[in-house]
Amino acid sequence: MSNKKTALILLINAAMFTVLILFHYSGASIKIMNANPFGALALLITLIMFSSELTGVLTGVAVGIVLDSVAATPPGFNTAVLTLVSFGATIVSHYLFNRNLKAALTLCLIAAAVYFAARWLVCFAFAGSVESSINYLFRYAAPSAIYTAVLAVPFFYIEKRLFSVSGR
């Protein structure tokens with residue numbers, strides 16, 4: 001693959017991550033009732049399916065660092081969780097799953113469930129009453145994880161097209 005194609009793919013993915021993060025944290029969202037999707041995670045998982053192991057994990061670290069600079073979570077939370085999620089997704093997607101839409105949906109649902117469960121555990125599980133903690137888990141985190149997995153559909157086809165053009 002030529003360096004120009006690699007640079008173009010990197011630029012397109014960086015632009016998509018930037019738009020998704022800005023969109024998510026600007027207040028303009030595509031949430032449905034309490035479900036607020038995490039588009040950057042859906043894009044990360046689909047990117048991981050088509051890129052190398054090292055690229056997938058490093059992208060997870062980079063996205064985590066950027067998210068930690070704007071998120072209201074404890075410092076380092078997104079970096080740690082997205083690094084672990086991207087490492088696990090890389091291993092699973094390259095050695096257990098095929099590169100198809102069903103695998104992308106499944107992998108994205110698992111990754112989103114892990115992310116939102118970790119967020120619940122760190123930020124909400126012990127912060128308030130048991131009722132409010134469980135309420136957050138089932139009224140916000142679970143629907144958001146499912147909605148995030150649904151967002152993997154367009155990103156899967158975008159990444160598939162990008163990497164097929166590149167010759168991978």
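You'll find the structure just up there.
A few points on the structure. (Residues numbered from 1 in each chain as written. Predicted model: local features only at pLDDT ≥ 70, side-chain atom pairs only at ≥ 80, totals over all residues. Heavy atoms only, no water.)

**Quick look at helix α6 (residues 130–165)**
This is how it is decided: A run of H or I in DSSP counts as a helix once it spans at least four residues, and a run of E counts as a strand once it spans at least two, with each numbered from the N terminus. Any helix carries an expected span of 1.5 Å times its number of residues minus one. Note on bend: at a given residue it equals the angle between the axes fitted to the 7 residues ending there and to the 7 starting there.
Here α6 is 36 residues long and its end C-alpha atoms lie 51 Å apart, about the 52 Å a rise of 1.5 Å per residue gives. The axis of α6 is deflected most strongly, by about 35°, at P154.

**What about the packing of helix α1 (residues 3–25) against α6?**
For any two helices packed against each other, one specifies the crossing angle of their axes together with the interaxial distance. What counts here: Axis geometry follows a simple rule: fit a line to the C-alpha atoms, using only the stretch in contact for helices, then measure angles between N-to-C directions, giving values from 0 to 180 degrees. Roughly parallel covers angles under 35 degrees, roughly antiparallel covers those over 145, roughly perpendicular covers 65 to 115, and oblique covers all other angles. With the far helix as reference, a near helix turned anticlockwise by less than a right angle produces a left-handed crossing, and one turned clockwise produces a right-handed crossing. Note on contacts: a residue pair is in contact if any heavy atoms of the two residues lie within 4.5 Å. In this classification, Asp, Glu, Lys and Arg are treated as charged, Ala, Val, Leu, Ile, Met, Phe, Trp, Tyr, Cys and Pro as nonpolar, and every other residue, Gly included, as polar.
Running from amino to carboxyl end, α1 crosses α6 at an angle of 165°, the nearest separation of the two axes being 10 Å. One element, α1, and the other, α6, form an angle in the roughly antiparallel class. Seen along the crossing, α1 lies across α6 with a hand that is right-handed. Here K5, I9, I12, N13, M16 and L20 of α1 lie close against α6, whose contacting residues are F155, I158, E159, L162, F163 and V165. The residue makeup of the contact of α1 with α6, split by class, is nine nonpolar, one polar and two charged.

**Concerning a nonpolar patch on the surface**
Selection rule: Think of a patch as exposed residues, more than 30% relative accessible area, with no salt bridge, where like charges cluster within 9 Å and nonpolar side chains (Val, Leu, Ile, Met, Phe, Trp, Tyr) cluster within 5 Å. Residue exposure ignores everything except the shown protein chains as possible cover, and the areas themselves are Shrake-Rupley values with a 1.4 Å probe. Criterion for a salt bridge: a side-chain nitrogen of Lys or Arg within 4 Å of a carboxyl oxygen of Asp or Glu.
Where nonpolar side chains cluster on the molecular surface, the patch consists of F87, I91, Y95 and L96 and spans about 480 Å² of accessible area. Within the fold, Y95 resides in helix α4 (residues 77–95).

**Some points on the nonpolar core**
We apply this condition: Think of a nonpolar core as a cluster: buried Ala, Val, Leu, Ile, Met, Phe, Trp, Tyr and Cys residues, connected wherever their side-chain atoms sit within 4.5 Å. Only protein chains enter the accessibility calculation, which uses a 1.4 Å probe. A residue is then buried if its area is under 20% of the maximum for its type, exposed if over 50%, and partly exposed in between.
Counting residues in hydrophobic clusters, the biggest one holds 44 residues, and the most contacted among them are F38, L41, I45, M49, L82, Y115 and F116. At the level of elements, α1, α2 (39–50), α3 (53–70), α4, α5 (101–124) and α6 are the ones that each hand at least two residues to this core. A per-element tally of this core places α6 first, with eleven residues. Residues contacting L82, with those up to four places away along its chain left out, are L41, L44, G60, V63, G64, L67 and Y115.

**Some details on the packing of aromatic side chains**
To be explicit about the condition: In this analysis, rings of Phe, Tyr and Trp, with Trp reduced to its six-membered ring, are considered paired at centre separations within 6.5 Å, and the interplanar angle assigns stacked below 30 degrees, edge-to-face beyond 60, and tilted for intermediate values.
All chains considered together, the criterion is met by seven aromatic pairs. Aromatic pair F116 and Y140: ring centres 6.2 Å apart, planes at 80°, arrangement edge-to-face. Of this pair, F116 sits in helix α5 while Y140 sits in helix α6, and the two are 24 residues apart along the sequence. Residue classification places F116 among the buried positions, given a relative accessible area of 3%. Considering the side-chain rings of F156 and Y157, the 5.3 Å spacing of their centres and the 80° angle between planes classify their relative orientation as edge-to-face. Taking the relative accessible area as the measure of exposure, F156 reaches 2% and is therefore buried. Looking at Y157, the relative accessible area reads 44%, which means it is partly exposed. Three or more aromatic residues joined by ring pairs form one cluster here, namely F38, F77, Y115, F116 and Y140.

Note that all results are geometric; they support no functional claim without further evidence.
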